[in-house]
Amino acid sequence: MKNLIVKTYILCILSFQALFSYAQYQITGIVADAGSKEKLEFANVKLLTTDSVFVKGTTTKQDGNFMIAYLPQGNFILVASCMGYSDSYLNVSGLNANLDVETISIKPNAITLNTITVQASQITTKDDRQLIYPTTMQKKAANNGLILLRNLQLPGIDINPIKRTIESFQDGNVAIYLNGISGSIDEINALTPDEIIRIEYYDTPGMKYKGAAAVIDFITKQRISGGNVSAYLQNALSDAVVSYNALSTKYNYKKSEFGFISSWSRSKLFWTHENDDAFVFPDKIIARTETGDPAKYLDDKVNLAFIYSLRDADKYIFNIKLRNNFTDIPNNFMDRTGVIYYSDSNDPLFLSEHSTERINSPAIDIYYQQNLKNKQILIVNLVGTHINTRTSRSYMEKSEQQLLSNIYSQIEGKKNSVIAEGIYEKQYDKGKLTGGIKHFQSYTENKYAGNVTSVVDLDFAETYAYLEYRMNRKKFNYTFGLGGTRTFNQQKEESSVRYIFRPKIGITYTIAKNFNIKYEANIVNHSPALSDLNGIEQAIDSFQIKRGNPDLYTTPSYNNKITLFFSKGIWTTNLISGYNYANQPIMESVLFENDKFIKMAENQKNSHRFNVNLGLKIRPVNYITLSLSPGVWHYISNGKNYSHTYTNWHLNASLLANYKNWSFYTDVRTRRNILSGEEINYGERLHTTSIMYNANQWSLSLGMINPFTKEYSQYSRNLSTLTPSYTKVASNNLGQVALLNFSWNLNWGVKYDPGKKRIENDDMDTGIMSGKGEKKIGF
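Remember, predicted model here, so these are calculated numbers, not experimental data.

Novice: Teacher, can you tell me more about the overall build of the chain here?
Specialist: Each helix and strand counted, the chain has 5 helices and 52 strands in total. Carbon and sulfur atoms make up 58% of the accessible area of the chain, which totals about 34900 Å².

So, in structure tokens, the structure goes:
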């Protein structure tokens, strides 16, 4: 009995010690004005990990005091902030007892020049990202998350609020996140500026992002009770229809959040097509000139998403998303009617082309994140998608007497895909290890009817595995990564397997606070589009045929990028230079067979791209921000039987002005042209301007697209020696178009900082090859 009592006593002592060694420490202190020594009430105090992940936070009391309790051992960063002051950072190394930091002095973030206030920088740089805290002015000049992102004028990022797109000047996509959770444009549109704490901009993303050119993560406050209802309406005040209308709501109860997001966008415009083509036969050249009449383009998109999230930010996150994207295009962008003239005939021919497309895509996205002991995280993500597609195309050429060409095709496509991914992360004192594996599997069935009748079944799979380590040594940050991709595709009895080795190296040198230089080199893979793998031929017109190529294979692309960043006071400068070499890239070839010109994708020799982009942002006074972003791109395209070079200079410029609840924004962009294979696609020349009044719960803005021109146009030029061509597509509906925007938002409840989901997966490739002329221009 005595031994039992002794053992029980020892066990209780050990349990008591273990309990208090786990999480019984606190940090206390005072936040005060550095100049006046005044103690600040309602200042924010946050405790972050050394990787800037939120741990706990609080606000100061009336006497400036704060306390953050129940903390585990470890290394942390203590951040004190207050509106109108610069953030103050304090390293907390090896916390193993209660800590009193005494007084944290923070400085006003403005310098007074007579009666004008100059606001200081709101950017904090990390080795892999920039933490950007929107100013009050930038928030007041926005009525949703996308417009706020536009106001931030991020270097190397192009925001088009009309098309609602986010693009990078580099090779690759821009991955969008919301508190680390993979997000969509609709979800970003549903955000109100006031709930956004900061935006994390990864200009050199890690290997888990699988080749993304940039990552933008919106970090927001989230409610633990109550909810939100918001609406956003954008409509044109003209004969043209350029509309986007969205409604969203969410409700929070304890650790659960229920959300619903819906949007409907419509474009109804009239486009005029003009084409000059030449067909070089072995014994003759036939030129063709097309003069078009205005043709209707109509596009409806309806997106729905139901989201449920259960989270304990310190332990786990469970997130499930059910979404459905529906697109109906009864009149395609390439629809046209007009008159064509051939050089070997004096008689005109009448041309008509009409295409339709309908896509329905339901999907389920399940995500789970478990925070383990010793700063470890395990993430699992599973996404299932079904894409049902139905397209049709008719093309006719006729004289006054007879029908000379009549092409019709109808395609019904079904695609089922699964994406499964697992990620492991381990945080060390001066580094982080990340490893993961991601598998994509799809099964596609396309039924072709019309002039060509066939059924094509295609199986495609891609597996990507990687291991990456980031480490910090004084002013240097290093990144080392090893990865690989395996791709597989099969049609009938034919199959192909390809392996790509994908290493990565990066180094960042911090010269001073908010002044650094980065170098990054990596290898990414480019897989063929499923539509190009179809072994089908489809007629384009009387002379041309579009042919699929089942022999296409995945190829590597070698990227190098140097970034110089500097921010001080009213100035922010970003210089990005890059070089990309693609080995055996997939680009178009033109062949001549049986008096027809065959267009098909092939693995060509190589391509090179050099680019330099300079981002300059200045805030001369607190009410005005000016941004200039000039750039130059030089392309070299080497095919099996061609070689082309092209250089394009480009400029984006914007101005944001703000006074009380009023704001004015204007931007202008020149064409950013791209050479791919033998085709130069001339981007859009766009000018937008708007004025907005922003109240507490609603906003109203009036804007205009291209206020100084009546015509909006896009161009493409094909440099082929067999089928050179020039195409212009123009519309008078997108010149001097007034847009009216109204937003309304109702909030209730308390907010808190959430945990993070860290990956993004989706599948939007339908896998259908169309006989349309595949111009890289469109709306």
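Picking up after the structure, the text goes on.
Novice: Help me understand the pattern of salt bridges, please; the structure alone is not making it clear to me.
Specialist: Close approach of charged atoms allows side chains with opposite charge to pair. Going through the model one piece at a time under the given rule, you end up with 27 salt bridges. The residue Lys 640 makes a salt bridge to Glu 602 at a minimum N-O spacing of 3.5 Å. With Lys 640 in the loop between strand S42 (624-638) and strand S43 (643-659) and Glu 602 in strand S40 (residues 596-603), the pair connects residues that are 38 residues apart, well separated along the chain. In this structure, a network of salt bridges that share partners links the residues Asp 277, Arg 288, Glu 397 and Asp 541.

Novice: Please explain the sheet that holds S40 as it appears in this structure.
Specialist: Where strands meet in a sheet, backbone hydrogen bonds hold them as pairs that are either parallel or antiparallel. With mixed pairing, 4 strands are arranged side by side in an open sheet as S35-S36-S40-S39. A single partner strand is all that each edge strand has here, and the edge strands are strand S35 (537-539) and strand S39 (586-593). Pairs of neighbouring strands in the sheet enclose a mean axial angle of 30°, with direction left out of account. With 3 bridges joining them, S35 and strand S36 (residues 544-547) adopt antiparallel strand pairing.

Novice: What's the story with the pairing of strand S48 (residues 698-705) in this structure? I'm lost.
Specialist: Successive residues of a regular strand alternate their side chains across the two faces of the sheet. What you see with S48 is a clean split: Ser 699, Ser 701, Gly 703 and Ile 705 sit on the buried side and Trp 698, Leu 700, Leu 702 and Met 704 on the side with no burial. Inspection of the sheet shows strand S47 (residues 686-694) paired to S48 by 7 bridges, in the antiparallel sense. Bridge pairing in S48 places Ile 691 opposite Leu 702. Linkage of S47 to S48, two consecutive antiparallel strands, is achieved through a turn of 3 residues. Where S48 meets strand S51 (residues 737-748), 8 bridges bridge the pair, whose relative direction is antiparallel. Paired with Ile 705 across the two strands is Val 737, which belongs to S51.

Novice: Help me understand the nonpolar core in this model?
Specialist: Nonpolar side chains in soluble globular proteins tend to be buried together. Within the largest apolar cluster, 24 residues are counted, with the highest numbers of intra-cluster contacts made by Leu 149, Leu 154, Ile 157, Ile 166, Ile 216 and Phe 218. Broken down by secondary-structure element, the contributors of at least two residues to this core are helix H3 (145-152), strand S12 (157-160), strand S14 (174-178), strand S16 (196-202) and strand S17 (214-220). Per element, the largest residue contribution to this core is 5 residues, and it comes from H3. Setting aside residues no more than four positions away along its own chain, Ile 166 makes contact with Leu 146, Leu 149, Ile 157, Asp 158, Ile 159, Val 174, Ile 176, Ile 185 and Ile 216. Ranked by size, the runner-up nonpolar core spans 21 residues in total, among them Ile 27, Val 45, Leu 78 and Val 101.

Novice: It is not clear to me how H3 should be interpreted in this structure. Could you clarify?
Specialist: What sets the pattern is the α-helix's 3.6 residues per turn: residues three or four places apart point alike. For H3, a buried count of 8 out of 8 residues is recorded, marking the element as mostly surrounded by other parts of the structure. Taken residue by residue, H3 has Gly 145, Leu 146, Ile 147, Leu 148, Leu 149, Arg 150, Asn 151 and Leu 152 as its buried positions. Between the side-chain oxygen at the start of H3 and the backbone nitrogen of Leu 146 there is a gap of 3.0 Å, and the oxygen is on Asn 144. With its phi angle positive at about 55°, Gln 153 sits one or two positions after the end of H3.

Novice: Could you clarify how one ought to interpret the packing of aromatic side chains in this entry?
Specialist: Applying the stated criterion to the full structure yields 29 aromatic pairs. Its guanidinium or amino end placed over the ring of Tyr 464, Lys 210 lies 5.8 Å from that ring's centre, counting from NZ or CZ. A cation sits over an aromatic face here: Lys 426 above Tyr 428, 5.4 Å from the ring centre.

Novice: Got a minute to help me understand the sheet that holds strand S11 (residues 130-132) in this structure?
Specialist: Taken together, 6 strands build an open sheet; the order of strands is S10-S11-S16-S17-S14-S15 and the sheet is mixed. Among the strands making up the open sheet, the edge pair consists of strand S10 (123-125) and strand S15 (181-182). One ladder, built from 3 bridges, connects S10 with S11; its direction is antiparallel. From the neighbouring strand, Ile 123 faces S11, where its bridge partner is Ile 132. Where H3 meets the sheet, its contacts fall on S11, S16 and S17, and the angle it forms with S16 comes to roughly 60°.

Cut-offs applied
- Residues numbered from 1 in each chain as written.
- Predicted model: local features only at pLDDT ≥ 70, side-chain atom pairs only at ≥ 80, totals over all residues.
- Heavy atoms only, no water.
- Helix = DSSP H or I, 4+ residues; strand = E, 2+ residues; numbered from the N terminus.
- Areas by Shrake-Rupley, 256 points an atom, 1.4 Å probe, with all protein chains shown as cover.
- Salt bridge = Lys/Arg side-chain N within 4 Å of Asp/Glu carboxyl O.
- Pairing = 2+ DSSP bridges.
- Axes fitted to C-alpha atoms, helices over the stretch in contact; angles between N-to-C directions.
- Buried < 20%, exposed > 50% of the residue type's maximum accessible area, 1.4 Å probe, protein only.
- Core = buried A, V, L, I, M, F, W, Y, C linked by side-chain atoms within 4.5 Å.
- Contact = heavy atoms within 4.5 Å.
- Polar contact = N/O pair within 3.5 Å; in protein donor to acceptor, adjacent residues only side chain to side chain.
- Phe/Tyr/Trp six-rings, centres within 6.5 Å; stacked < 30°, edge-to-face > 60°.
- Lys NZ or Arg CZ within 6 Å of the ring centre and 35° of its normal.

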